[in-house]
Each structure stands twice: as structure tokens, then as C-alpha cells.
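# Working through the structure, step by step
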Amino acid sequence: ERKPGAVRIEDLLLGTKLACVAITDDEPDTLAKVGKMNPWHIKTLSMICGSVEEAHKPLTHILETHFGLTVDKLINLTGWSGGHPIDTQGCKFLFFERNKFISGLFY
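No experiment lies behind these values; they were computed from the predicted model shown.

One non-glycine residue, D29, lies in the positive phi region at around 65°. Checked against the element boundaries, D29 lands in the loop between α1 (9–21) and α2 (30–37).

Given below as C-alpha cells:
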């Protein structure tokens, strides 16, 4: 029996996987560039996606194929605001489950 507010292991695993996937984007060769600094990112995404080739695909493909999430908008803000550097990436996604629409944002 599920209690209200209870955290399931599936939720924790999904959150961990999405956090790992968040290091890539839809730009060409992002994972290859990040992998030079930390090869474990390539290994981790390969485990999540099933192969090295699949891990190097665009973020929108990975989210759709492996998580069932349709990306509505990619967010990439880099620059300066009020004298402070800004570097934020993320995406707004859409998810349909049993005729129910869910929208989310992660960055």
C-alpha cells in the first residue's frame, strides 16, 4: 500500500538518471567534449541509453526514446546579468500518460 507522500525507489532512480542525462544537450559533440573532462559521463549515459552510440545522440532523442518525454523547449542561457555570469541549461518537457498531460521543467 502506498502512503501519501511516500518516496518510491523508482522515483529516486528516475531522478538520478535524469540528473545524469542533464549533462548533454542537442548541440553536436556535447557528450564527446564533456567526456574529455570526465569519461564517466560517457560511461554513465551509455549505461542509461544502452550503448555508446545511443548516448551520443541529442538530448531530445534520449528523453523521448528512453524516458517517454517529449521536449517542448530547450533552454540555454549564457551571458551576464547585473554583473554576474549566467550559465543555465534546461528543458521544458511534455509527458502524456493514460490521456493525462503532465508538464515539467528541469535544468
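Bringing the pattern of salt bridges into the picture now. What the rule picks out here adds up to two salt bridges. Of the charged contacts, one joins D11 and R8 as a salt bridge, the two residues approaching to 3.1 Å between their closest N and O atoms. We classify D11 as partly exposed; its relative accessible area is 34%. Across the salt bridge formed by K57 and E54, the nearest N and O atoms sit 3.3 Å from each other. In this structure K57 comes out as partly exposed when scored by relative accessible area, which is 34%. The class for E54 is buried, based on a relative accessible area of 13%.

When you line up the elements, E54 lands in helix α4 (residues 52–55). Separated by 2.6 Å, the side chains of E54 and H61 make a polar contact. Filtering out sequence-adjacent residues up to four positions away, E54 remains in contact with C49, H61, I62, T65 and H66.

Rules of the game
Residues numbered from 1 in each chain as written. Predicted model: local features only at pLDDT ≥ 70, side-chain atom pairs only at ≥ 80, totals over all residues. Heavy atoms only, no water. Helix = DSSP H or I, 4+ residues; strand = E, 2+ residues; numbered from the N terminus. Salt bridge = Lys/Arg side-chain N within 4 Å of Asp/Glu carboxyl O. Buried < 20%, exposed > 50% of the residue type's maximum accessible area, 1.4 Å probe, protein only. Polar contact = N/O pair within 3.5 Å; in protein donor to acceptor, adjacent residues only side chain to side chain. Contact = heavy atoms within 4.5 Å.

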